[in-house]
Amino acid sequence: MLKRNLNKFLLLLFITAFSTVHLFAQKTKSDTSITSIDADLINLFNQKKPQKYKVAGITVTGNKYFDETLLISISNLSIGDEIIIPGGDNFSKAIQKLWGQNYFSDVAIFVTKLQDKNIWIEINVTERPRLARFDFIGVKKNEKEDLIGKTGLVPNRIVTENMKRSAEEAIKKFYSDKSYKNVTVRIEEKRDSTFEDAIVLLFYINKGNKVKVNNIDFVGNTLDPIKLKKQFKDTKEMSRFTLNKSDDKSAFTGSTTYTFKEYLKENGFLTFSKTKKLLDPYIRFKFFNSAKFNKKKFEDDVEKLLEYYNSKGYRDATIGSENIKILPNKKGNLNISIKVNEGKKYHFGNITWRGNTKYSDSVLTAILGIKKGDIYNLETLNKGLGKQLSPEGGDISGLYMDDGYLFFRAEAVETAVYNDTIDFEIRLIEGPEATIKNINITGNERTKEHVIRRELRTLPGEKFRRSDLIRSQREIAQLNFFNQEKIGINPRPNPEDGTVDIDYSVEEKSSDQLELSAGWGGGIGLTGTVGVSFNNFSIKNIFKKEAWSPLPMGDGQKLSLRIQSNGRAFRSYNFSFTEPWLGGKKRNAFTISLYDTKFSNAYDPMTGTYTSSAADKSYIKTSGISVSLAKQLQWPDDYFSLSVGISFSRYTLKNYYIDQVNLPGFNNGFSNNLSLKIALQRSSVDNPLFPRQGSNFLASLQVTPPYSLFNKSIVTSQNPYQWVEYHKWRFNSEWYVPLGKPAGPEKNKQFVLKAAAKFGFIGKFNNKLRVSPFERFQLGDAGLTNQFALLGYDIIAQRGYPVYQTSNPKVNPDQQGASEYFTIFNKYVLELRYPLSLNPSSTIYALGFFEAANGWYSMKEYNPFQLRRSVGIGMRFYLPMFGLLGFDYGIGLDRITPNGKLKDAARFTFMLGFEPE
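Just so it is clear, the structure is predicted and the values come from calculations on it, not from any experiment. Every chain begins its residue count from 1, and numbering advances along the sequence as written. Given that the model is predicted, a residue must reach a pLDDT of at least 70 before its local features are reported, and side-chain atom pairs must reach 80 or more before they are shown or counted; all residues, however, enter totals for whole chains, interfaces and linings. Excluded from the side-chain calculation are hydrogens and water; included are all heavy atoms of the structure.

### Focus on the packing of helix H5 (residues 141–151) against helix H6 (residues 161–176)
Counted only if it meets this: Only the contacting stretch of a helix is used when fitting its axis, a line to C-alpha atoms as for every element, and angles between N-to-C directions run 0 to 180 degrees. Starting at the N terminus, helices and strands are each numbered in turn, a helix being any DSSP run of H or I of at least four residues and a strand any DSSP run of E of at least two. For classification purposes, angles smaller than 35 degrees are called roughly parallel, those larger than 145 roughly antiparallel, those between 65 and 115 roughly perpendicular, and all remaining angles oblique. Crossings are sorted by hand: turned counterclockwise from the far helix by less than a right angle, the near helix makes the crossing left-handed, and turned clockwise it makes it right-handed. Contacts between residues were defined by any pair of non-hydrogen atoms, one from each residue, lying within 4.5 Å. Throughout, the ten residues Ala, Val, Leu, Ile, Met, Phe, Trp, Tyr, Cys and Pro are labelled nonpolar, Asp, Glu, Lys and Arg are labelled charged, and all others, Gly among them, are labelled polar.
Relative to each other, H5 and H6 sit at 130°, their axes nearing to 9 Å. With respect to each other, H5 and H6 are oriented oblique. Crossing geometry of H5 relative to H6 is assigned as right-handed. The residues of H6 that touch H5, namely those facing Glu-143, Asp-146, Leu-147, Lys-150 and Thr-151, are Ala-167, Ala-170, Ile-171, Phe-174 and Tyr-175. Each residue belonging to the contact of H5 with H6 can be placed in one class, and the counts come to 6 nonpolar, 1 polar and 3 charged.

Shown next, in the form of structure tokens:
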């Protein structure tokens, strides 16, 4: 190295704060002579008159990971460049560019050779060390995993001061969001012995104590402080409960106000029964109150507080930053004091209209819904004018836009403010009526365009209506072929010709389902299931080879195949096909289904025993076909549909003795069920997987011919069930109501309340015959299909109960004896749902439920208030390829005996592929 320094001139260019470049030469004392080349190099920078030199060669030294060509390119030096020496700035700029990459701890440029007017250059760099590994000391394992992603540290990257500073800031922010406001981070560097020029970064983290909100006080307020605190959605006080000495002399020592932690520290942990009455209210409250402090969320809460003041008429209310004091107490928690300048409480005065020609002042005032003297609320005014579009409509903007006035505008102008009253003039620009010109659809990669277009209520040439846009969005969502959260509608007005183009954008999702499962139960044992459901099928392309990629898709038809079997004891085949637009011009849904099911109880009538070898000697078999046609109605509104279907089922019994209660004396032979079903339905839900609003109503009648009225001998025949007769009535209703305001990053998550009521009745035509043993109602359990579904039973689930056959709620179903199945039932359901994920790849929501249901055998026994009750929680997972996966944990309240345990009244139920009725 010493020798090399003797044979070249060293340029050390240090870029100072004043951008001054210092140049000097070095030589060692051990060298007794300097060659002529050395002298020329010294004279090169000592010459008084600057001269031009050409770069003849460039080399790079010291680089280990970086490519030589790349570094030369960054320096912006090239062979053939002309450089002025002395006085030129080419070298200083090159060093600045390389230094600015932040990858090197030292950069130097050497002139290694001079020949005539040519110079040879060496760029010498010292690379910064690289990161071998890193670790976080003093935190939990799960926190380490979170910090890896938050800090962005990646092994083998260059370690820079900026990297360490960014990591430290990310760590502090991570814990600050968790209410640790006094976090300290110490960074230690260690050389790694495994790799050359590599270091290990150790982050020593001291989180300190959590900073919580001890107290929130308001100054200058006339409104109830409790209501003001409720506006703080993300900033809550620490929970407390107050105890008096007389509450429990043996338990408390005299302190009057506690947090739960303080109480335990002072008094120890007492038994639940001793403190239940005092601690229950606190515990329930604590689950929803963390008292964490987050500055950003606190600022948002202050804005919500001002919105609340504005909604109460205080439009001049202000809360300046200088009026907010946040001070720590002795324990480090925060006391927040907020001074509110409320101002006057205002009311609406006179409201006049200007520019309206389509509707009169009285009509507009009635729709606006604001009267003189009402408390001033800007949000109410804007909502009434339709500034914020809502699917429900009912505002001024909706009134005009539903009549074609796309260019409509409304502005509310204050005309007078006196005392506590504000007068408004609402100025309307009605504009011309808009006509729909073009409809454009994008994003449908698999679904044919005509499948989407036939669902639209917006047609070219028709008058524009906002309600048609909202309805079109719902109809597209109901197809269930697209991501409901990504359905886009963009009207593009053309003011010059009074038309509007409407762009619809969709995002395809997988709607097909594959079912591969195994289950145990239903009196059958272990059963395997294989099923496929193609929900966007194209049967007309089934014989076109090019359409199989992998299947003919895109015409919106549904094809389902399902096979169940456990060997010789049970097997079931099901096939169905639905064409939703039969003929292609109107929504006439045509469905055909075929099924064949066989259940063997393996009873050998010769020996009177049950053996697997007797599977073909004792069984019940059901085969059938059904055809139906559903038509959309236009009256009372087009949410209604009417369906008519005809079905035929044939029951074959051979030595079938397992159900002698429902089928007395009928062990061998055939029974035929030919029925006509008429159903009137209205559905206005907004989403098929997770409805937030809307309702479903269904009223149906299934009836057979009254054979016994025409043929009296049926009553006395040995097999009165050769042709089954009955009339069966069903009524189902469901309502979905959103609760609260939408939350989440996309403002699409909110609680939804589902309320449902169901009723069923099956009757007979001839009083001399029993009610049909087929088509009855089975209540209880998870609603899973079992052997009695072969008899055409409606399986009515009730979570928290096994299958029961007694109407008396006081009789525990676990101890009941065999009995008939019900001919009448009632069921009521309340569910509170909350979505955890609404992604097209997985729709997941949690629920809590209350159910009440029961069944009866005749109208004389029927008592709609005599019900079995249950409560519980559950989860639902809708996966594109597997459909529904769900489970519930229900507690049958009427199964709890005085001396019984809660677990004896609870049942865990699982569902796959369909939601039980």
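### Section: the environment of Lys-64
Tracing the backbone shows Lys-64 in the loop between strand E2 (51–61) and helix H3 (68–75). For the pair Lys-64 and Val-125, spaced 61 residues apart in the sequence, the C-alpha separation amounts to 9.6 Å. If we skip the residues at most four places from it in the chain, Lys-64 touches Glu-127, Glu-196 and Asp-197.

### Quick look at the packing of aromatic side chains
To be explicit about the condition: Pairs were defined over the aromatic rings of Phe, Tyr and Trp, the Trp ring being its six-membered one, requiring ring centres within 6.5 Å. Orientation was assigned from the angle between planes: stacked under 30 degrees, edge-to-face over 60, tilted for the rest. Summary of the burial criterion: residues with accessible area below 20% of their type's maximum are buried, those above 50% are exposed, and those between are partly exposed, where the area comes from a 1.4 Å probe applied to protein chains only.
On inspection of all chains with the given rule, the structure shows 33 aromatic pairs. Judged by centre distance (6.2 Å) and plane angle (70°), the ring pair of Phe-481 and Phe-482 falls under edge-to-face. Accessibility assignment for this pair places Phe-481 and Phe-482 in one class, buried. Members of the aromatic cluster, each reached through a chain of ring pairs, are Phe-218, Phe-232, Phe-293 and Phe-298.

### Here we look at the environment of Asp-686
Spelled out, the test is: In protein, a polar contact means a hydrogen-donor-capable atom and an acceptor-capable atom, both N or O and within 3.5 Å, with residues adjacent in sequence counting only if both atoms are side-chain atoms; elsewhere, any N or O pair within 3.5 Å suffices.
Counting through the fold element by element, Asp-686 comes out in the loop between strand E29 (669–683) and strand E30 (694–703). Distance from Asp-686 to Tyr-736, taken between C-alpha atoms, is 9.6 Å for residues 50 residues apart in sequence. Beyond its immediate sequence surroundings of up to four residues, Asp-686 is in contact with Arg-474, Ala-477, Gln-478, Pro-691, Arg-692 and Gln-693. Engagement of the side chain of Asp-686 in a polar contact is seen with the backbone nitrogen of Arg-692, the distance being 2.9 Å.

### Overview of the pairing of strand E3 (residues 82–85)
Applicable threshold: DSSP bridges decide pairing: two strands pair if at least two such bridges lie between them.
Alternating residues of E3 divide into Ile-83 and Ile-85, all buried, and Glu-82 and Ile-84, none buried. Sheet topology places E2 next to E3; 4 bridges connect them, and they run antiparallel. Its bridge partner lying in E3, Gln-51 is registered against Ile-85.

### A look at the packing of H3 against helix H4 (residues 90–100)
It is the contact of H3 with H4, at a shortest axis distance of 8 Å, that shows an interaxial angle of 120°. Considering their axes alone, H3 and H4 lie oblique with respect to each other. Contacts between H3 and H4 involve Leu-71, Ile-74 and Ser-75 on the former and, on the latter, Ala-94, Lys-97 and Leu-98. Grouping the amino acids of the contact of H3 with H4 by side-chain chemistry returns 4 nonpolar, 1 polar and 1 charged.

### A look at the confidence of the model for the protein chain
This is how it is decided: Here pLDDT means the predictor's own confidence in every residue, given as a number from 0 to 100.
On average, residues of the protein chain score 82 in pLDDT, and 83% of them reach the 70 mark or higher. Ranking the elements of the protein chain by mean pLDDT puts helix H1 (residues 2–6) last, at 39, and E30 first, at 96. Counting contacts from residues 242–256, a segment whose pLDDT is below 50, to residues more than four positions away or on other chains yields 24 contacts. With pLDDT under 50 throughout, residues 269–288 is counted as low confidence; its partners more than four residues away or in other chains account for 21 contacts.

### Details of the nonpolar core
How we decide: In these notes, a set of buried Ala, Val, Leu, Ile, Met, Phe, Trp, Tyr and Cys residues joined through side-chain atoms within 4.5 Å is what counts as a nonpolar core.
Ranked by size, the top nonpolar core spans 26 residues in total, and within it Phe-599, Ile-620, Leu-653, Phe-774, Leu-779 and Tyr-804 carry the most contacts. Among the elements of the structure, strand E28 (640–654), strand E33 (777–779) and strand E34 (794–796) are those that each provide at least two residues to this core. The contacts of Leu-779, once residues within four sequence positions are left out, are Ile-796, Pro-802, Val-803, Tyr-804, Phe-822, Phe-825, Ala-853, Asn-854 and Gly-855. If you look at the next biggest cluster of nonpolar residues, it comprises 24 residues, including Val-60, Ala-94, Phe-104 and Val-111.

### A closer look at a positive patch on the surface
Stated precisely, the cut-off is as follows: Like-charged residues within 9 Å of one another, or nonpolar side chains (Val, Leu, Ile, Met, Phe, Trp, Tyr) within 5 Å, are grouped into patches, provided each residue has over 30% relative accessible area and no salt bridge. Note on areas: these come from Shrake-Rupley sampling with a 1.4 Å probe, and a residue is covered only by the protein chains present in the view. The salt bridge definition used is simple: a Lys or Arg side-chain nitrogen within 4 Å of an Asp or Glu carboxyl oxygen. For the charge count, each Lys or Arg is scored as positive and each Asp or Glu as negative, with His and the chain ends excluded. Lys charges are placed at NZ, Arg charges at CZ, Asp charges at CG and Glu charges at CD.
Together, Lys-140, Lys-150, Lys-178, Lys-210, Lys-292 and Lys-297 line one region of the surface with positive charge. You can see Lys-292 is positioned in the loop between helix H9 (272–286) and helix H10 (295–311).

### Regarding the pattern of salt bridges
Applying the stated criterion across every chain, the model contains 47 salt bridges. Across the pair Lys-164 and Glu-189 runs a salt bridge, and its minimum N-O distance is 2.4 Å. Here Glu-189 lies in strand E7 (residues 184–191) and Lys-164 lies in helix H6, a separation of 25 residues in the sequence. The partner of Arg-799 in a salt bridge is Glu-831, with the nearest N and O atoms 3.0 Å apart. One end of the pair, Arg-799, is in the loop between E34 and strand E35 (824–839); the other, Glu-831, is in strand E35, and 32 residues separate them in sequence. Take Arg-799: its relative accessible area is 7%, and that puts it in the buried class.

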